[in-house]
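# Topology and contacts: notes
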Amino acid sequence: GEAFHYNVCQLAGYGRPGGHWMWRADPEMGGGVLYDLGCHNIDLALWLNGPIQSVCATWKNTVPEREDRGLSSPQMRPTVCNDTLAFLAEYENGCEGIFHISWTAPGDRIMRHELAGRDGILTLSLYHDVWRNGLAGCRAGEPQQQPLPVPDDIQPAIPRDVATDEKREKALQAFRFRSSSLVRAFIDAIADDLPIGPDFAAGHETQRVMDAVLLSAAERRWVALSEFP
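Attention in this report is confined to the structure presented alongside it.

Tracing the backbone shows Ala12 in the loop between β1 (3–11) and α1 (33–49). Separated by 183 residues in the primary sequence, Ala12 and Pro195 have C-alpha atoms spaced 33 Å apart. Discounting chain neighbours no more than four positions away, the residues touching Ala12 are Leu37, Ser102, Trp103, Thr104, Ala105 and Arg109.

This part covers the packing of α1 against helix α4 (residues 200–219). Between two packed helices, both the angle of their axes relative to each other and the distance between the axes serve to describe the pair. Where α1 contacts α4, the two axes come as close as 9 Å, and the packing angle between them is 120°. By the angle class used here, α1 and α4 are oblique. Note on packing geometry: the crossing formed by α1 with α4 is right-handed. Facing α1, whose interface residues are Leu34, Tyr35, Cys39, Ile42, Asp43 and Leu46, α4 presents Ala202, Glu205, Thr206, Gln207, Val209, Met210, Asp211, Val213 and Leu214. Here the residues of the contact of α1 with α4 are counted per class, giving 10 nonpolar, 2 polar and 3 charged.

This part is about the environment of Gly70. Following the sequence through the fold, Gly70 ends up in the loop between β3 (65–68) and β4 (75–78). Considered as a pair, Gly70 and Gly13 are 57 residues apart in the sequence and their alpha carbons are 20 Å apart.

It is worth spelling out the nonpolar core at this point. If you look at the biggest cluster of nonpolar residues, it comprises 32 residues, and the most contacted ones within it are Ile42, Ile52, Val55, Phe87, Tyr91 and Phe99. Every element with two or more residues in this core is listed here: β1, α1, β2 (52–60), β5 (84–91), β6 (96–102) and α4. In terms of residues, this core owes the most to one element, α1, which gives 7 residues. In contact with Tyr91, not counting residues within four places along its chain, are Tyr6, Ala45, Asn49, Gly50, Pro51, Ile52, Gln53, Glu96, Gly97 and Phe99.

Reading the values: rules and limits
Residues numbered from 1 in each chain as written. Predicted model: local features only at pLDDT ≥ 70, side-chain atom pairs only at ≥ 80, totals over all residues. Heavy atoms only, no water. Helix = DSSP H or I, 4+ residues; strand = E, 2+ residues; numbered from the N terminus. Contact = heavy atoms within 4.5 Å. Axes fitted to C-alpha atoms, helices over the stretch in contact; angles between N-to-C directions. Parallel < 35°, antiparallel > 145°, perpendicular 65-115°, else oblique. Left-handed = near helix turned anticlockwise from the far one by under 90°. Nonpolar A, V, L, I, M, F, W, Y, C, P; charged D, E, K, R; others polar. Core = buried A, V, L, I, M, F, W, Y, C linked by side-chain atoms within 4.5 Å. Buried < 20%, exposed > 50% of the residue type's maximum accessible area, 1.4 Å probe, protein only.

This is how it looks when you write it as structure tokens:
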């Protein structure tokens, strides 16, 4: 049915207070949590729900300095990038969206996308351990969301049996390198001159959204994507 809400939340703890300095926190090398984690969430949202036409954003730097332990004499180094951010989004299809991305949330890394509409809701939960990914949903009139089966042919490279550390490692390597994985398909497409998706146009659209988010946070206003041709 008609899409009403598209909500995104990714929380991770590897940038929490007390952690060491990392390249992701350097504006010249990593650019902050928006470029590190936000880009993937924006790309997925654009793919599933279509173009974003305007955003209203805010971000914070909750850990202004970190200890650089890679030096011969460890010392504190400043970090001036965003480590947590939130923004509202208006989609071209009329849907409203909320994004919340953070490095500084304790606990396991989780990435969640929720799409609610006139006739139902779907929730996609993505974990750092790819074999724990899950899909849930319900139709309008049903009391609550239930887990939805994901057919084996959707993720043929990832073994479902990961009861031991050895099997978990095999699953991770399959996710990264097996012939049916995204990485292998991307390399083969380049080598065989086949269509590639996502392509550079999709990357450019994601970059436009991120540019709009940063400008919105800096100027404290709604920013239209049309400001970035």
